[in-house]
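Okay, here's what each chain looks like letter by letter:
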Amino acid sequence: MSFVVGNCPSSKLAYTNRIYLNSADFEQVVGDAITGSKSDPVANVLIESMSGTWVFLAAPHSAMNIGEVGMNGVQRKSGPFTLKQELQVSVFTPGASEALVSMTLGVDLLVKKSDNKTASKFDAKELEESFKANFGFQVLHKQQKLAFDFNGTKLDILVDSFEGVTLIDGAS
């Protein structure tokens, strides 16, 4: 289906790394491929444009206009996508090749304050668990950038590398 790029429906939702569709569009695109719950329906979608293809986790939102894909600034910049740009959106069903064993992330502050002379410190295990809880259903790709709100601190996450599952023919 053809859509145009719009803004994320709210600044708070910008930190979910989801894209947003009108509820009717969401149902039409994903059908029964929903991976979330009834209270939080989500589905992986394939975005195709002149500059390439990407997989994003999509969710419905009542503030989105029909025919519009709501993206945050980090998603638009890394696409690269521009407002009102035309895209093709279709459902994406992850296969075994998308399964991960491990991932290395780069973490930086999204907004750096000039008066902040001390480095921020985070509990790595807590950050890991929060990242998994927030991005568990998402298909990520190498060098993808994510905006993430970790305990009130806005982070710029870079997917540096990952190791996938190695499948052996004939193994069950």
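In the block above lies the structure referred to throughout.
Remember, it's a predicted structure, so these values are computed and weren't measured experimentally.

About the criteria used
- Residues numbered from 1 in each chain as written.
- Predicted model: local features only at pLDDT ≥ 70, side-chain atom pairs only at ≥ 80, totals over all residues.
- Heavy atoms only, no water.
- Helix = DSSP H or I, 4+ residues; strand = E, 2+ residues; numbered from the N terminus.
- Expected span 1.5 Å × (residues − 1).
- Buried < 20%, exposed > 50% of the residue type's maximum accessible area, 1.4 Å probe, protein only.
- Arc of directions from axis to C-beta.
- Salt bridge = Lys/Arg side-chain N within 4 Å of Asp/Glu carboxyl O.
- Core = buried A, V, L, I, M, F, W, Y, C linked by side-chain atoms within 4.5 Å.
- Contact = heavy atoms within 4.5 Å.
- Pairing = 2+ DSSP bridges.
- Axes fitted to C-alpha atoms, helices over the stretch in contact; angles between N-to-C directions.

Brief notes about helix α3 (residues 124-135)
Helix length check: α3 (twelve residues) gives 16 Å between terminal C-alpha atoms against 16 Å at 1.5 Å per residue, within 8%. When we look at burial in α3, the residues that qualify are L127, S130, F131 and F135. Projection of α3 onto a plane perpendicular to its axis shows the buried side chains occupying an angular sector of 105°, all on one side. Exposed side chains of α3 directed beyond 90 degrees from the buried face belong to K125 and A133.

What about the environment of G136?
Tracing the sequence through the fold places G136 in the loop between α3 and β8 (145-150). Taking the C-alpha atoms as reference points, G136 and M50, 86 residues apart in sequence, are found 28 Å from one another.

Some details on the pattern of salt bridges
Counting across every chain of the model gives seven salt bridges. Between D40 and R18 there is a salt bridge, and its shortest N-O distance comes to 2.8 Å. In this pair, D40 is assigned in the loop between α1 (23-30) and β3 (43-49) and R18 in strand β2 (residues 18-21), connecting sequence segments 22 residues apart. Measuring nitrogen to oxygen at the nearest pair gives 2.9 Å for the salt bridge that ties D156 to K145. Of the two residues, D156 sits in strand β9 (residues 153-164) while K145 sits in strand β8, which places them eleven residues apart along the sequence. Judged by relative accessible area, K145 falls into the partly exposed class, the value being 33%. Among the ionic contacts, a cluster of salt bridges with common partners joins K125, E128, E129 and K132.

Some thoughts on the nonpolar core
In this structure, I19, V45, I47, M71 and F81 are the most contacted members of the largest nonpolar core, which totals 18 residues. Among the elements of the structure, β1 (2-7), β2, α1, β3, β4 (52-60), β5 (68-71) and β6 (86-91) are those that each provide at least two residues to this core. Once residues lying within four places of it in the same chain are set aside, the contact partners of I47 are I19, G52, T53, W54, F56, F81, L87, Q88 and V89. In this structure, L109, L155, I157 and V159 belong to the second largest nonpolar core, which totals eleven residues.

A few points about the sheet that holds β9
Ordered in space as β7-β9-β8, the three strands form an open sheet in which the pairing is antiparallel. Among the strands making up the open sheet, the edge pair consists of β7 (100-109) and β8. Taken pair by pair, the neighbouring strands of this sheet meet at an average axis angle of 40°, ignoring direction. On top of the sheet, α3 reaches β7, β8 and β9; it is set at about 115° to β8, its chief contact.

Topic: the pairing of β4
In this structure, β2 lies alongside β4, joined through four bridges in parallel fashion. Within the sheet, the bridge partner assigned to Y20 lies in β4 and is A59. The sheet contact formed by β3 and β4 spans seven bridges and is antiparallel. Of the residues in β4, the one forming a bridge with E48 is T53. Linking β3 back to β4 in an antiparallel pair, the connection comprises two residues.

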